[in-house]
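Structural characterization, general
What follows is each chain in one-letter form.
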Amino acid sequence: MGANLASKLGTGLKPKQFIESMEKNKEQFLAYYDGFAWDNEEDKEYFESLNNRDDLRCLIIAADWCGDVVRNVPVVFKALEDSGIPTEVLIIEQNYDVIDQFLTGGGRGIPIVVFTDTGGFSLGHWGPRPKNVQAVMTQFKKENPDRDAADYNEKIQVARAEMGRQYGEGNGYHAVIVKELRSLIESF
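The notes below deal with the structure included here. Keep in mind that this is a model prediction, so the values were computed, not measured.

1. Considering the pairing of strand S2 (residues 87-91)
Extensive coverage of S2 is indicated by the burial of five of its five residues. Alternating positions in S2 separate into two faces, Thr87, Val89 and Ile91 on one and Glu88 and Leu90 on the other, with burial throughout. Pairing analysis gives five bridges linking strand S1 (residues 57-62) to S2, with the strands arranged parallel. Following the sheet pairing, Cys58 is matched in S2 by Thr87.

Structural data, given as C-alpha coordinates:
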(Lines give C-alpha, C1' and ligand atoms only; values in the text may rest on other atoms or scores of the structure.)
Protein backbone atom coordinates (compact mmCIF):
# COMPACT_ATOMS: atom_id res chain seq x y z
CA MET A 1 0.00 0.00 0.00
CA GLY A 2 1.03 3.58 -0.59
CA ALA A 3 0.73 6.71 1.47
CA ASN A 4 -2.02 7.01 4.04
CA LEU A 5 -4.14 10.06 3.34
CA ALA A 6 -6.95 9.28 5.80
CA SER A 7 -6.49 12.66 7.50
CA LYS A 8 -7.17 14.39 4.17
CA LEU A 9 -10.40 12.55 3.30
CA GLY A 10 -13.33 14.90 3.79
CA THR A 11 -11.16 18.03 3.95
CA GLY A 12 -11.10 18.97 0.27
CA LEU A 13 -13.45 20.85 -2.00
CA LYS A 14 -16.16 18.97 -3.87
CA PRO A 15 -15.82 19.41 -7.66
CA LYS A 16 -18.63 21.99 -7.78
CA GLN A 17 -17.04 23.94 -4.89
CA PHE A 18 -13.67 23.92 -6.66
CA ILE A 19 -15.22 25.29 -9.86
CA GLU A 20 -17.16 27.95 -7.95
CA SER A 21 -14.03 29.01 -6.04
CA MET A 22 -11.89 29.43 -9.16
CA GLU A 23 -10.44 32.92 -9.50
CA LYS A 24 -8.33 32.14 -12.57
CA ASN A 25 -9.06 30.25 -15.81
CA LYS A 26 -12.65 29.44 -14.86
CA GLU A 27 -14.03 30.15 -18.34
CA GLN A 28 -11.48 27.87 -20.04
CA PHE A 29 -11.99 25.18 -17.36
CA LEU A 30 -15.74 25.23 -17.99
CA ALA A 31 -15.19 25.09 -21.76
CA TYR A 32 -13.25 21.82 -21.35
CA TYR A 33 -15.79 20.57 -18.81
CA ASP A 34 -18.79 21.37 -21.00
CA GLY A 35 -16.96 20.04 -24.06
CA PHE A 36 -16.47 16.59 -22.58
CA ALA A 37 -18.08 13.71 -24.45
CA TRP A 38 -17.54 10.00 -23.99
CA ASP A 39 -15.41 8.56 -26.79
CA ASN A 40 -17.28 5.27 -26.58
CA GLU A 41 -20.16 3.68 -24.70
CA GLU A 42 -17.93 0.99 -23.18
CA ASP A 43 -15.87 3.54 -21.20
CA LYS A 44 -19.02 5.34 -20.08
CA GLU A 45 -20.54 2.07 -18.88
CA TYR A 46 -17.31 1.13 -17.10
CA PHE A 47 -17.26 4.35 -15.06
CA GLU A 48 -20.99 4.01 -14.32
CA SER A 49 -20.34 0.44 -13.12
CA LEU A 50 -18.06 1.81 -10.40
CA ASN A 51 -21.23 2.73 -8.52
CA ASN A 52 -21.21 -0.92 -7.45
CA ARG A 53 -17.98 -0.26 -5.54
CA ASP A 54 -17.98 1.69 -2.31
CA ASP A 55 -14.31 1.12 -1.53
CA LEU A 56 -12.75 3.98 -3.52
CA ARG A 57 -12.09 7.64 -2.82
CA CYS A 58 -10.43 10.24 -5.05
CA LEU A 59 -8.28 13.19 -4.03
CA ILE A 60 -7.11 15.60 -6.72
CA ILE A 61 -4.22 17.92 -5.89
CA ALA A 62 -4.73 21.04 -7.98
CA ALA A 63 -4.80 24.84 -8.33
CA ASP A 64 -6.74 27.11 -10.67
CA TRP A 65 -3.59 28.84 -11.98
CA CYS A 66 -2.19 25.65 -13.55
CA GLY A 67 -2.73 25.05 -17.27
CA ASP A 68 -2.63 21.27 -16.90
CA VAL A 69 -5.27 21.46 -14.15
CA VAL A 70 -7.49 23.60 -16.38
CA ARG A 71 -7.09 21.13 -19.25
CA ASN A 72 -7.19 17.79 -17.41
CA VAL A 73 -9.27 18.10 -14.24
CA PRO A 74 -12.54 18.77 -16.14
CA VAL A 75 -12.05 15.38 -17.83
CA VAL A 76 -11.42 13.67 -14.48
CA PHE A 77 -14.48 15.37 -12.97
CA LYS A 78 -16.67 14.27 -15.88
CA ALA A 79 -15.37 10.69 -15.93
CA LEU A 80 -15.92 10.32 -12.18
CA GLU A 81 -19.30 12.13 -12.01
CA ASP A 82 -21.30 9.02 -12.75
CA SER A 83 -18.95 6.66 -10.93
CA GLY A 84 -20.14 7.28 -7.40
CA ILE A 85 -16.53 7.70 -6.24
CA PRO A 86 -16.40 10.52 -3.68
CA THR A 87 -14.09 13.11 -5.24
CA GLU A 88 -12.38 16.06 -3.56
CA VAL A 89 -9.85 18.69 -4.59
CA LEU A 90 -6.94 19.56 -2.34
CA ILE A 91 -5.42 22.95 -3.18
CA ILE A 92 -1.67 22.46 -3.59
CA GLU A 93 -0.63 25.52 -1.56
CA GLN A 94 -2.47 24.09 1.46
CA ASN A 95 -1.29 20.51 0.88
CA TYR A 96 2.44 20.43 0.19
CA ASP A 97 2.63 17.49 2.59
CA VAL A 98 0.42 15.52 0.17
CA ILE A 99 1.96 16.59 -3.15
CA ASP A 100 5.44 15.86 -1.78
CA GLN A 101 4.42 12.19 -1.63
CA PHE A 102 3.56 12.22 -5.36
CA LEU A 103 6.37 14.16 -7.01
CA THR A 104 6.72 14.06 -10.78
CA GLY A 105 10.36 13.89 -11.84
CA GLY A 106 11.29 15.38 -8.48
CA GLY A 107 8.87 18.32 -8.87
CA ARG A 108 5.42 19.28 -7.68
CA GLY A 109 3.52 18.70 -10.93
CA ILE A 110 -0.26 19.08 -10.80
CA PRO A 111 -2.89 17.83 -11.12
CA ILE A 112 -2.25 14.59 -9.31
CA VAL A 113 -5.31 12.34 -9.06
CA VAL A 114 -4.94 9.93 -6.14
CA PHE A 115 -7.26 6.99 -5.60
CA THR A 116 -7.45 5.64 -2.07
CA ASP A 117 -9.39 2.98 -0.26
CA THR A 118 -11.88 3.97 2.43
CA GLY A 119 -9.07 3.92 5.00
CA GLY A 120 -7.15 6.55 3.02
CA PHE A 121 -4.40 4.25 1.74
CA SER A 122 -3.20 5.29 -1.70
CA LEU A 123 -3.95 2.62 -4.32
CA GLY A 124 -2.52 4.52 -7.27
CA HIS A 125 -2.33 7.92 -8.89
CA TRP A 126 -2.49 9.63 -12.27
CA GLY A 127 -1.05 12.88 -13.53
CA PRO A 128 -0.08 15.53 -14.03
CA ARG A 129 -0.85 14.96 -17.71
CA PRO A 130 -1.44 12.16 -20.23
CA LYS A 131 1.62 9.92 -20.67
CA ASN A 132 2.40 11.11 -24.21
CA VAL A 133 2.36 14.75 -23.10
CA GLN A 134 4.33 14.05 -19.91
CA ALA A 135 7.00 12.27 -21.97
CA VAL A 136 7.90 15.62 -23.56
CA MET A 137 8.50 17.26 -20.16
CA THR A 138 10.36 14.23 -18.83
CA GLN A 139 12.73 14.33 -21.81
CA PHE A 140 13.16 18.09 -21.49
CA LYS A 141 14.12 17.85 -17.81
CA LYS A 142 16.55 15.03 -18.57
CA GLU A 143 18.27 17.11 -21.26
CA ASN A 144 18.08 20.43 -19.34
CA PRO A 145 18.80 19.82 -15.66
CA ASP A 146 20.22 23.32 -15.05
CA ARG A 147 17.34 25.77 -14.58
CA ASP A 148 19.88 28.61 -14.46
CA ALA A 149 21.31 27.87 -17.91
CA ALA A 150 21.21 30.85 -20.28
CA ASP A 151 19.00 29.04 -22.80
CA TYR A 152 16.72 27.25 -20.30
CA ASN A 153 13.71 29.57 -20.77
CA GLU A 154 14.02 29.42 -24.54
CA LYS A 155 14.18 25.62 -24.49
CA ILE A 156 11.27 25.20 -22.08
CA GLN A 157 9.09 27.29 -24.39
CA VAL A 158 9.90 24.85 -27.20
CA ALA A 159 9.01 21.92 -24.89
CA ARG A 160 5.73 23.57 -23.88
CA ALA A 161 4.84 24.13 -27.52
CA GLU A 162 5.49 20.44 -28.20
CA MET A 163 3.33 19.51 -25.21
CA GLY A 164 0.55 21.60 -26.76
CA ARG A 165 0.96 19.68 -30.01
CA GLN A 166 0.80 16.39 -28.08
CA TYR A 167 -2.48 17.47 -26.48
CA GLY A 168 -3.69 18.21 -30.00
CA GLU A 169 -6.51 20.39 -31.22
CA GLY A 170 -9.92 20.19 -29.61
CA ASN A 171 -10.86 17.65 -26.96
CA GLY A 172 -9.49 14.45 -28.51
CA TYR A 173 -7.07 14.01 -25.61
CA HIS A 174 -10.07 13.54 -23.27
CA ALA A 175 -10.36 9.93 -24.46
CA VAL A 176 -6.67 9.37 -23.63
CA ILE A 177 -7.19 10.54 -20.04
CA VAL A 178 -10.32 8.39 -19.69
CA LYS A 179 -8.40 5.31 -20.92
CA GLU A 180 -5.47 6.01 -18.56
CA LEU A 181 -7.81 6.49 -15.57
CA ARG A 182 -9.73 3.34 -16.45
CA SER A 183 -6.54 1.31 -16.74
CA LEU A 184 -5.37 2.62 -13.36
CA ILE A 185 -8.68 1.86 -11.60
CA GLU A 186 -8.83 -1.62 -13.15
CA SER A 187 -5.46 -2.34 -11.52
CA PHE A 188 -6.95 -2.28 -8.00
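2. So, the packing of helix H3 (residues 41-49) against helix H8 (residues 173-186)
Running from N to C, H3 and H8 cross one another at 45°; their axes reach a closest spacing of 11 Å. For the element pair H3 / H8, the angle class is oblique. Crossing of H3 over H8 shows left-handed handedness. Residue-level contacts link Glu42, Asp43, Tyr46 and Phe47 of H3 to Val178, Lys179, Leu181, Arg182, Ile185 and Glu186 of H8. A breakdown of the residues in the contact of H3 with H8 according to their chemical character gives five nonpolar, no polar and five charged.

3. Some remarks on the nonpolar core
Residues Phe18, Phe47, Ile60, Ile61, Phe77, Phe115 and Leu181 are the most contacted members of the largest nonpolar core, which totals 57 residues. The leading source of residues in this core is helix H4 (residues 67-81), at eight residues. Not counting chain neighbours up to four residues away, the residues in contact with Phe115 comprise Arg57, Cys58, Leu80, Ile85, Phe121, Ser122, Leu123, Gly124, Leu181, Leu184, Ile185 and Phe188.

Cut-offs used in this document
- By convention here, each chain's residues receive numbers from 1 onward along its written sequence.
- Only residues with pLDDT of 70 or above have their local features reported here, since the model is predicted, and side-chain atom pairs are shown and tallied only from 80 upward, although totals for entire chains, interfaces and linings are computed over all residues.
- Excluding hydrogens and water, the side-chain figures rest on all heavy atoms present in the structure.
- Between buried and exposed lies partly exposed: a residue is buried under 20% and exposed over 50% of the maximum accessible area for its type, with that area taken using a 1.4 Å probe on protein chains only.
- The secondary structure listing takes helices from DSSP runs of H or I that are at least 4 residues long and strands from runs of E that are at least 2 residues long, numbered from the N terminus.
- Pairs of strands are assigned from DSSP output, requiring at least two bridges between the strands.
- Interaxial angles span 0 to 180 degrees and are taken between N-to-C directions of axes, which are lines fitted to C-alpha atoms, for helices over the stretch in contact.
- We call two directions roughly parallel when the angle between them is under 35 degrees, roughly antiparallel when it is over 145, roughly perpendicular when it lies between 65 and 115, and oblique otherwise.
- Note on convention: near helix rotated counterclockwise from far helix by under a right angle means a left-handed crossing. Clockwise means right-handed.
- Contact criterion: two residues are considered in contact whenever any of their non-hydrogen atoms come within 4.5 Å of each other.
- Think of it as three bins: nonpolar holds Ala, Val, Leu, Ile, Met, Phe, Trp, Tyr, Cys and Pro, charged holds Asp, Glu, Lys and Arg, and polar takes everything else, Gly as well.
- Among buried residues, those of type Ala, Val, Leu, Ile, Met, Phe, Trp, Tyr and Cys that are joined through side-chain atoms within 4.5 Å constitute a nonpolar core.

Just geometry here; none of it tells us what the structure is for.
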